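Residue-level listing of the chains:
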Amino acid sequence: MRFSAGLTCLSALLLAACASAPGIDRPVAVDPAYAAREAAAAKPADRCGPKFISDQLPAALVSIMGPVLDGPFYPVCARHDACYGLQEQTQAWCDDRMREEMMDICAAGRTKDSFGGRLCRIRAELFFDMVDNAFGAYAYEGEAGGQITALEIMDAPRGQFELCATVRNDTSVLQEYILDLRAASGHRVDRAPGIKERSVRAGETAVMCAGTTGSSYWSLKRLTGPVEVRLVADRPDSIAIAGDLVIVDTRLVELEAFAVD
């Protein structure tokens, strides 16, 4: 789990006192040959917590804080970092295995309904949430990608236009997408979601819809040619606040068949 995020780092510190079951390790069974390659890819610095901890703080402080952050999950986090480094599996696969292994440690170390068991699971979910996002994709060192696999014209009021795109993330990392609808002039007609981006994990699909129905300006009358449907991704190899969007797929939709008031 190697990225810089002050808020998640603080959250991890706040939960650092949540005791669990030190010394218990319950790795998920994987192909032995893969496990050997993953172990060979491991680095001494692999551990729980953001890379900020090991890179920015004095070594003496890291030696004190590291075990507190790691808690009972050190071997799990180390495998997770090695899984990212090896890049034979997707980010989602690495993240899901990490969560399963942490939950197994919680189950083995505490009774299911105990206070300690609940705290352990809260901590495990927090660690999972710290990587199952765009920061995890950045740590994995993924690239932007994805495709529009289907377009469906939706029912809309007469004189309006609405479509939904099935978007597939065919990359190895979580992608943050925008569906951008453009007129023939190049002007934006609509975008979905309206704010932020839609997160889609590696190998998964999502349906995103855009059109003129929510616009006070655009209608079929104002669309004088085909509309361009753009699938735009927020580059996972960048953590810039702006300027890191890239078009990964496009489609043209002809509008002649639609009635115009």
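Residues numbered from 1 in each chain as written. Predicted model: local features only at pLDDT ≥ 70, side-chain atom pairs only at ≥ 80, totals over all residues. Heavy atoms only, no water.

Q: It is not clear to me how the overall build of the chain should be interpreted in this structure. Could you clarify?
A: Secondary structure assignment for the chain yields eight helices and eight strands. For the chain, the residues scored as buried account for 44% of the 261 residues in total. Taking the contacts inside the chain whose residues are at least 6 apart along the sequence as the reference set, 72% of them involve residues at least 24 apart. On the chain, roughly 13,100 Å² of surface is accessible, and the fraction owed to carbon and sulfur atoms is 54%. (Helix = DSSP H or I, 4+ residues; strand = E, 2+ residues; numbered from the N terminus. Buried < 20%, exposed > 50% of the residue type's maximum accessible area, 1.4 Å probe, protein only. Contact = heavy atoms within 4.5 Å. Areas by Shrake-Rupley, 256 points an atom, 1.4 Å probe, with all protein chains shown as cover.)

Q: Sorry, what's going on with the sheet that holds strand β1 (residues 147-153) here?
A: Think of a sheet as strands paired side by side through backbone hydrogen bonds, with each pair either parallel or antiparallel. Spatial ordering of the open sheet is given by β1-β2-β6, a layout of three strands whose pairing is antiparallel. Of all strands in the sheet, those bounded by a partner on one side alone are β1 and β6 (205-211). Direction aside, the axes of adjacent strands within the sheet are offset by 25° on average. Where β1 meets strand β2 (residues 162-168), six bridges bridge the pair, whose relative direction is antiparallel. In the sheet register, leucine 151 faces β2, and the bridge partner there is alanine 165. (Pairing = 2+ DSSP bridges. Axes fitted to C-alpha atoms, helices over the stretch in contact; angles between N-to-C directions.)

Q: Can you help me understand unusual backbone geometry in this one?
A: In most cases, non-glycine residues show a negative phi, while peptide bonds are predominantly trans. Cis geometry marks the peptide bond from alanine 192 to proline 193; its omega dihedral reads -5°. Looking at the secondary structure, you find proline 193 in the loop between β4 (188-192) and β5 (198-200). If you check the backbone angles, glutamate 141 has positive phi at about 70° while not being a glycine. Residues other than glycine seldom take positive phi values, yet lysine 196 does so here, at roughly 65°.

Q: Is there a simple way to explain the pattern of salt bridges in this structure?
A: Pairs can form between side chains of opposite charge whenever their charged atoms are close. Across all of its chains, the model carries 13 salt bridges by this definition. Glutamate 101 is paired through a salt bridge with arginine 79; the nearest N and O atoms lie 3.1 Å apart. Of the two residues, glutamate 101 sits in helix α6 (residues 91-109) while arginine 79 sits in helix α5 (residues 74-86), which places them 22 residues apart along the sequence. One exposure class covers both glutamate 101 and arginine 79, and it is buried. Here the salt bridges share partners, and the residues they tie into one network are Asp96, Asp132, Arg201 and Glu204. (Salt bridge = Lys/Arg side-chain N within 4 Å of Asp/Glu carboxyl O.)

Q: Help me out: how do you make sense of the pairing of β4 in this one?
A: In regular strands, side chains alternate between the two faces of the sheet. Alignment of strand β3 (residues 175-182) against β4, held across four bridges, turns out to be antiparallel. When the sheet's bridge partners are listed, aspartate 180 is paired in β4 with arginine 191. What sits between β3 and β4 in their antiparallel hairpin is a turn of five residues, with glycine 186 showing a positive phi close to 95°.

Q: Can you walk me through the packing of aromatic side chains in this structure?
A: This model, assessed by the stated rule, comprises four aromatic pairs. When the centroid spacing of 5.3 Å and the interplanar angle of 70° are considered together, the rings of tyrosine 84 and tyrosine 140 count as edge-to-face. Note that tyrosine 84 is positioned in helix α5 and tyrosine 140 in helix α8 (residues 134-140), a separation of 56 residues in sequence. The pair formed by tyrosine 84 and tyrosine 140 is uniform in burial state, with each residue classed as buried. (Phe/Tyr/Trp six-rings, centres within 6.5 Å; stacked < 30°, edge-to-face > 60°.)

Q: Got a minute to help me understand the environment of aspartate 95 in this structure?
A: As for its position among the elements, aspartate 95 is in helix α6. Aspartate 95 gets classed as buried once you look at its relative accessible area, which sits at 0%. C-alpha separation for the pair aspartate 95 and methionine 130, spaced 35 residues apart in sequence, amounts to 9.8 Å.

Q: Even after reading the chapter, I still don't get the state of the cysteines, so can you show me in this structure?
A: Chemically, a disulfide is nothing more than a covalent bond linking the sulfur atoms of two cysteines. All chains considered together, the criterion is met by four disulfides. In this model cysteine 48 forms its disulfide with cysteine 77; the gap between the sulfur atoms is 1.9 Å. Linking cysteine 48 and cysteine 77, the disulfide has an S-S dihedral of approximately 90° and is accordingly described as right-handed. Placement of cysteine 48 in the loop between α2 (32-41) and α3 (51-56) and of cysteine 77 in helix α5 is noted, with a sequence separation of 29 residues between them. With a relative accessible area of 1%, cysteine 48 lands in the buried category. The side chain of cysteine 83 participates in a disulfide bridge whose partner is cysteine 94; the two sulfur atoms lie 2.0 Å from each other. Its S-S torsion of about -75° marks the bond between cysteine 83 and cysteine 94 as left-handed, since a negative value means left-handed. Here the residue cysteine 83 occupies a position in helix α5, and cysteine 94 occupies one in helix α6, the gap between them amounting to eleven residues. Accessibility classification places cysteine 83 together with cysteine 94 in one group, the buried group. Shown here for the chain is a disulfide pattern of 1-2, 3-4, 5-6, 7-8, where each number marks a bonded cysteine counted in sequence order. (Disulfide = S-S within 2.5 Å.)

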